[in-house]
Amino acid sequence: MKNRELFERARALMPGGVSSPVRAFKAVGGEPIIVSKAQSSRIWDVEGKEYIDFLMSWGPLILGHAHPKVVRAVHEQVLKGLSYGLTNEHEITLAELVVSYVPSVQMVRFVSSGTEATMSAIRLARGYTGRKYVVKFDGCYHGHGDSLLVNAGSGVATLGIPGTPGVPEEIAGLTIVVPYNDLSALEETFRRYGEDIACVIVEPVAGNMGVVLPREGFLQGIKDLTQRYGSLCICDEVITNFRLSKGGAQELFRVEPDITCMGKILGGGMPLGAYGGRRDIMEKVAPEGPVYQAGTLSGNPVSMVAGIATLEELFRLNPYQALEELTKRLTSGIGELLTRKGIHHCINQIGSMFTIFFTDGEVYDYETAKRSDRELFARFFRALLKEGVLIPPSQFEAWFLSTAHTEEDIDIALERIDRALSSF
Ligand SMILES: *Cc1c(COP(=O)(O)O)cnc(C)c1O
């Protein structure tokens, strides 16, 4: 079966031929590949072509594809049942791991995706504070919940407009959007709406406008403002949990959110999300408290064992230093190749995630990220794909490395990228 043939069939059956929009390769053009299998740092399409994978399922696979320990844990569990609908011991084990490693989390509720985690965290913040407004940052992505899809214009304390048809104005109007890394805009927002703001939600390292790092003092500034006005600080660590360090970005940047959202690596490749935080806040969640949130498949035992195996292996390896060095080998190699070609670029990297922006300026928020030459990115993507290097099919996403990537993989990838660039 060919990629094209299968994609045609998919398109007749599923909107865009996909189960999630960016997979359709619309931003980069060309034909999407249809995957047949993956192992370690490699992924294969249905035509048998092999790629070095830097997409890594958009972040969850920090141990690489089909890690033997994760696969074994899943295999052992499926023989004992796929879902119980009642509490199982693995939930307790994973909750203990999360609470012991994520500094600010004292209690946790498991859900099935990152989107569910952020939606539920916001409901909890509203329920806890009795307030209605949510503040988010331009270019941050927190899943596809109505309140969080809002994409407002620039400027201070812009009241949101719907970012998508289907989100009523009345709902979008409860979300206030502020530029990332702009503390004075946030202060202004609090001066105007402070008494009605339930929470500020932030990606402590942004990964969904491409990688954008928080400026010195930005995260602490959010925490201080929320505290001063009696609202809550939510760190959406769905990408960064267990990616940047054992305790996530909050450990690295020493900030203590009231609520933390988790996902991706937490499930080690299985559908899993979670939100957690201070005990007095989490005790407001049903059935302990009045804020309702539930799930038929929540606490799913297969997801739990995949998560446990992933976290235990991560804590055993403590690979963060090595991952960062390996990632630098790749980014500095690509930087050299691009410079040699005279292509302006800015590489934002932290730990094992990074984004290449084709711009000569610094990228510190969504506006500066959008200055990247997206036509050039699309050509870059297609040339890499042709040479057997898979990267995210969008400018505004992160490349990910895993413990399965070797120095040899990086060197092979650099050779392939060099070849791809020579066809430019
Ligand atoms: C991926 C992501 C989400 C959404 O998670 P899903 O599992 O795709 O619903 C939310 N927030 C951030 C920061 C993410 O990177």
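All of these numbers come straight from a predicted model, not from anything done at the bench.

1. A closer look at empty space enclosed by the protein
Per the stated rule, a full pass over the model turns up one cavity of 30 Å³ or more. Looking at the largest cavity, its volume works out to about 30 Å³. Looking at the largest cavity, the residues that line it are Thr 355, Ile 356, Phe 377, Phe 380, Ser 394, Gln 395, Glu 397 and Trp 399. For the lining of the largest cavity, the class distribution of residues is four nonpolar, three polar and one charged.

2. Looking at the nonpolar core
By size, the foremost hydrophobic cluster in this structure holds 66 residues, and its most contacted members are Phe 54, Phe 242, Leu 266, Phe 380 and Trp 399. Each of domain 1 (3–66 + 319–421) and domain 2 (68–316) contributes no fewer than three residues to this core. In this structure, Trp 399 is in contact with Phe 54, Leu 330, Ile 334, Ser 352, Met 353, Phe 354, Thr 355, Ile 356, Phe 380, Leu 384, Ile 391 and Pro 392, ignoring residues within four places of it in sequence.

3. Some thoughts on a nonpolar patch on the surface
A cluster of nonpolar residues, Val 78, Leu 79 and Leu 82, forms a patch on the protein surface that exposes about 300 Å² of accessible area. Its location among the elements puts Leu 82 in the loop between α2 (68–78) and α3 (89–101).

4. Describing the sheet that holds strand β15 (residues 399–400)
Pairing within the open sheet is antiparallel, and its three strands lie in the order β12-β13-β15. The open sheet terminates on both sides in strands that have one partner only, identified here as β12 (346–350) and β15. Direction of pairing for β12 relative to strand β13 (residues 353–357): antiparallel, over a ladder of five bridges. Paired with Gln 349 across the strands is Phe 354, a residue of β13.

5. Some thoughts on the confidence of the model for the protein chain
Within the protein chain, residue pLDDT values average 95, and 97% of them lie at 70 or more. Considering only residues more than four positions removed or in separate chains, one finds that residues 152–161, a stretch of pLDDT under 50, has 30 contacts.

6. Remarks on the domain arrangement of the protein chain
Interface size is commonly expressed as the accessible area that is lost once the parts come together. Its domain assignment divides the protein chain into domain 1 (3–66 + 319–421) and domain 2 (68–316). Between domain 1 and domain 2, the C-alpha centre-to-centre distance is 25 Å. Domain 1 puts 30 residues into the contact, and the matching count from domain 2 is 32 residues. In total, domain 1 and domain 2 occlude about 2,500 Å² of area from one another, counting both sides; carbon and sulfur atoms represent 67% of this. In this structure, the connection of domain 1 to domain 2 is made through zero salt bridges. Where domain 1 packs against domain 2, one counts eight residue pairs in polar contact (both at pLDDT 80 or more). Taken together, the elements giving at least two residues each to the side of domain 1 that touches domain 2 come down to β12, β13 and α12 (366–369).

7. As for the sheet that holds strand β3 (residues 50–53)
Two pairing modes exist for strands in a sheet, parallel and antiparallel, and in both the strands are linked by backbone hydrogen bonds. Spatially, the four strands line up as an open sheet ordered β1-β2-β3-β14, and their pairing is mixed. Two strands in the sheet have a free side with no partner beyond their single neighbour: β1 (35–39) and β14 (389–390). With two bridges joining them, β3 and β14 adopt parallel strand pairing. By the bridge assignment, Asp 53 is partnered in β14 with Leu 390. Sitting on the sheet, helix α14 (residues 407–422) is in contact with β2 (42–45), β3 and β14, with an inclination near 115 degrees to β3.

Each value, and the rule that gives it
- Residues numbered from 1 in each chain as written.
- Predicted model: local features only at pLDDT ≥ 70, side-chain atom pairs only at ≥ 80, totals over all residues.
- Heavy atoms only, no water.
- 1 Å grid on protein atoms, 1.4 Å probe; cavity = no way out; pocket = protein on both sides within 12 Å on 5 of 7 lines; lining within 4 Å.
- Points joined across faces, edges and corners; volume = space filled by probe spheres on them.
- Nonpolar A, V, L, I, M, F, W, Y, C, P; charged D, E, K, R; others polar.
- Core = buried A, V, L, I, M, F, W, Y, C linked by side-chain atoms within 4.5 Å.
- Buried < 20%, exposed > 50% of the residue type's maximum accessible area, 1.4 Å probe, protein only.
- Domains from an automatic or database assignment.
- Contact = heavy atoms within 4.5 Å.
- Patch = residues over 30% accessible without salt bridge, like charges linked within 9 Å, V, L, I, M, F, W, Y side chains within 5 Å.
- Areas by Shrake-Rupley, 256 points an atom, 1.4 Å probe, with all protein chains shown as cover.
- Salt bridge = Lys/Arg side-chain N within 4 Å of Asp/Glu carboxyl O.
- Helix = DSSP H or I, 4+ residues; strand = E, 2+ residues; numbered from the N terminus.
- Pairing = 2+ DSSP bridges.
- pLDDT = per-residue confidence, 0-100.
- Buried area = accessible area lost by both parts, 1.4 Å probe.
- Polar contact = N/O pair within 3.5 Å; in protein donor to acceptor, adjacent residues only side chain to side chain.
- Axes fitted to C-alpha atoms, helices over the stretch in contact; angles between N-to-C directions.

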